[in-house]
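Report on the structure
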Amino acid sequence: MTKEETVSVVWSGAWVAERLGVGLVGDAELSALLGLALRRNPKRAHLLVSNVLGKHVPQSPQVVYDAGYGLGEQVRKLLGDEEAARAVVLGYAETATGLGHSVADGVELAPYLHSTRRPVDGVERAGGFEESHSHATSHLLLPEDPVLLAGDGPLILVDDEFSTGNTVLNTIRDLHERYPRERYVIVALVDMRSEADRERFERFAEEIGARVDLVALASGTVRLPEGVLEKGQALVAEQEAIATRTAAGAGTGALTRAASGDALRGEPGLLAQAAAIDGAPGEAVPGGAEPGTRGASPAHVRVELGWPSGVPDGGRHGFTPAHRAALEAALPGMAERTAEAVGEASRVLVLGFEELMYAPLRLGTALEQALDADVRYSTTTRSPVLAVDDPGYAIRTRLVFPAHDDPADGPGERYAYNVAGAGFDAVVAVVDSAADTPQLRAPDGLLAQLAAHVPHVVLAVVPSYVPQAPQAPEAAEVPQAPERASMLPEPLRGPAFSSYAADEVGWLLQDLSEVDLEAPTEEREEAIQSGGAHYAESLPVEYQPSAQYQELFKSALEISAARIARAVGTVTETVIAERSPSPVLVSLARAGTPVGVLMRRWAQHRHGLDLPHYAVSIVRGRGIDANALRWLQQHHDPADVVFVDGWTGKGAITRELADALEEFEGFNPEIAVLADPGGCVRTYGTREDFLIPSACLNSTVSGLISRTVLRADLVGPNDFHGAKFYRELAGSDVSEHFLDTVAARFDEVATAVDAEVKELLAADRAPTWEGWAAVERISEEYGIHDVNLVKPGVGEATRVLLRRVPWKILAKRGAGADLDHVRLLAEQRGVPVEEVDELPYTCVGLIHPQYTRGATGADGKAVSAL
């Protein structure tokens, strides 16, 4: 492709747009700046592929550099020279390290730093944050000079695209807590935020009291039709199958690898072309180049660049204007030596390496001046993307090779896109010395892959910069940032996450809606009881109620609405009287969340209080979400936090919470519940065990949110626990109906609530733990010998029938309409209901103690059709 051919008559997003209906809406420049590709990622299927970034699409180095430099000039004009000289530019790894550096050049007066995924021994971490949609999320900030980020001048944050704003918000939140400042400038090639994301960003700026400006080349949004993620994943799988069959029939020189990960972690099946190449001796090259070696190494020549002493290889540890001046002076000589190594090539690719983008970019701009050739620039990447050889698709070809820099997260595959088949007759591979390893020269390594497709391979190695340990006096002057948790995102809210209104509840969870987590009930039970998996690592298939069951729910709600309203009023008034006049409600997702919403509505209705309400995850045996607690500590007084749940069973969660909070100062471990039949808490609406209709259903009465998930491959050390939003069940959602029906009875029960609260405040409400004793007795009497398989109370028994493998139901003799739905579910599942005397609960559910599949009812009957 010549320079004149860079603008194609076919948009490089057309292939995806035609098949998935994805489109770009906004400025006219968008289609020239961006193409589209597909990746298998549980959070986002499509990939916006920049034509001017120099990552996936080879482009003129000067075009790439000018895009960033021009943005930097706009920022300097916006700030003025005085503020620009006080600023710091921060770029994002790996994609925007070169762009951020180019922006810093345009600003000219400010130092530069980029985040990194490569920890470096001896360098203190000055911050960190998460990139929620990425396949590799953890970012580190490792400045050589700890003071670099500690100033109060403007912080300029640079990313290639501004899609939701989450990454930038995460960064600002992390650093603003440590080093608050008055101004931030966000820079991106394209601003693709939705209107809701823009409004959220404005609210955030107001919250921290800082000015936030944005500079971009173009703006718009991505049009995503219904079900695009599932369709995209299916299309990826289809194309990978085609590529695998093609490779299998290609004969010698083609190798198909098995999938190197599972779909839950976002790793695709990968097609690799591995050529068996005999290393040939390289020619001696003037200007200090040395020949390649025989054996495992492919044919290549190595050029000694003459990198200037003391100049960092990039912005990983900081890059100052003085460093920039030294590099500018050395560039012509480095380009001359590289041009001699390239020889008579007419089409040359300068290929950078992951985060090492700026050094090869500047070498490319200088080489473009030194050579009478078509010079292009791109870099290798960690990001797996589907390749489709079609002019309407942004990623035409893909080279796959093993990582060669001993990455901290272990070995893995790396990629070079649009190199094979692009007509290059020479490639200059630029790596830092940390990546100049035997793996680089291995038979399936990067150099071998390049040599299989490009006749002439040149290797240029930039010395990896090693920060110097600061002198003691300098260290003493470094401002000390306060200790705090790693960056934590803002709560998720409806309607983007859950069918509840945004002000009803903020979910301190991460959205796993696009991850396949459901497993058949009996498979889950077998795995859980055998110790092969924890119950929180998967989700049961959401129960779809029959028409008969739905009618039963509606009838039960009408009958019990006043009773529930009275319990809501009682527990809320008790909390306000005893715990805090303005409590922060924190419900335990998900059973506690409808109760928390109702308590918030009561406080608003009776007292005009607008109480904050959040939902957090707690998992039996694993504890409460520690990151959620840290977020609460940062935003509220822990003494005002009141944990809320729906009901108590045997008190396992009560104990779990108390144990978890021992590590966190200021929180009161006492839970406030709607119903406390187990006698486990002091703060409750009632101790009767009665039907709470929100226990009858799953997500469709809880804002369409799943039970919470805690699994190591999905929830990292700085993540909230996860959950799914079942948008597809909106037609069956009764969450608001449940809330409205109960709230409509508030006035009716107000007098009774006032009298009941007065009595409760004067009474001895110490926990009796009556329920725990009953559970232990039942466990032994029925030969179960595991209290975790005994689920007491109407709510817990209902959960057994909806989610687990039930054995039998114990019902208190004479229990009436409160158990109608339990009897119906038990009949549908072939589970006997046994009436017993002297039961402190209305009913108890027993999980089948024999976990083999097929052991559903007492006689092993399979589940009957619902």
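Numbering of residues starts from 1 in each chain and follows the order in which that chain's sequence is written. Totals for whole chains, interfaces and linings use all residues, but because this is a predicted model, local features are given only for residues with pLDDT of at least 70 and pairs of side-chain atoms are given and counted only at 80 or more. Only heavy atoms go into the side-chain values, all of them from the structure, while hydrogens and water stay out.

**What about the pairing of strand β9 (residues 183-191)?**
Here is the key point about a regular strand: its side chains alternate between the two faces of the sheet. Using a 1.4 Å probe on the protein chains alone, a residue whose accessible area is under 20% of its type maximum counts as buried, one over 50% counts as exposed, and one in between counts as partly exposed. Each helix is a run of H or I in the DSSP string that is no shorter than four residues. Each strand is a run of E no shorter than two, and both are numbered from the N terminus. Among the 9 residues of β9, 9 are classified as buried, and the element is accordingly described as predominantly covered. Strands are labelled as partners when DSSP assigns at least two bridges between them. Here 7 bridges tie strand β8 (residues 155-162) to β9, and the two strands are oriented parallel to one another. Across the sheet, residue Asp159 finds its bridge partner in β9, namely Ala188. Handedness of the crossover joining β8 and β9 through helix α6 (residues 166-178) is recorded here as right-handed. As judged from the 8 bridges shared by β9 and strand β10 (residues 211-223), these two strands associate in the parallel manner. Crossovers are marked right-handed if the path from the first strand over the helix to the second runs clockwise, as seen with the strands pointing away from the viewer.

**Looking at unusual backbone geometry**
The step from Gly494 to Pro495 runs through a cis peptide bond, and the omega angle for that step is 0°. With omega at 0°, the peptide bond leading from Ala589 into Arg590 counts as cis. For Arg590, the location among the structural elements is in the loop between β25 (584-589) and α15 (592-607). At Glu354, a position not held by glycine, the phi torsion is positive, near 50°. Within the secondary structure layout, Glu354 lies in the loop between β15 (347-353) and α10 (358-370). For Glu354, a relative accessible area of 6% corresponds to the buried category. Unusually for a residue other than glycine, Asn418 sits at a positive phi of about 60°. Here Asn418 shows up in the loop between β18 (413-417) and β19 (426-432).

**Quick word on the sheet that holds strand β1 (residues 23-26)**
Taken together, 6 strands build an open sheet; the order of strands is β1-β10-β9-β8-β4-β5 and the sheet is mixed. Looking at which strands have only one partner, the edges of the open sheet turn out to be β1 and β5 (112-114). For this sheet, the mean angle separating the axes of adjacent strands, direction not counted, is 30°. As paired strands, strand β4 (residues 88-91) and β8 are joined by 4 bridges and run parallel to one another. Paired with Val89 across the bridge in β8 is Ile156. Lying over the sheet, helix α3 (residues 61-79) contacts β8, β9 and β10, oriented at roughly 150° with respect to β9. To get an axis, fit a line to the C-alpha atoms, keeping to the stretch in contact for a helix; angles then go from 0 to 180 degrees between the N-to-C directions. Pairs of residues are marked as contacts when any of their non-hydrogen atoms sit within 4.5 Å.

**Brief notes about the nonpolar core**
Nine residue types can take part in a nonpolar core, namely buried Ala, Val, Leu, Ile, Met, Phe, Trp, Tyr and Cys, and a core is a set of them joined through side-chain atoms within 4.5 Å. One finds Leu38, Ile156, Val187, Val348, Tyr393 and Leu450 to be the most contacted residues of the largest nonpolar core, which totals 132 residues. Counting residues in hydrophobic clusters, the runner-up holds 60 residues, among them Val515, Leu517, Phe553 and Phe746.

**Regarding the sheet that holds strand β34 (residues 833-836)**
Sheet architecture is open: 4 strands sit in the order β32-β35-β33-β34, paired in mixed fashion. The open sheet is flanked by β32 (790-792) and β34, the only strands paired with a single partner. Averaged over all adjacent pairs, the angle separating strand axes in this sheet is 20°, with direction ignored. Examined bridge by bridge, β32 and strand β35 (residues 843-847) share 3 bridges and lie antiparallel to one another. Among the inter-strand pairings, Val790 is bridged to a residue of β35, identified as Leu846.

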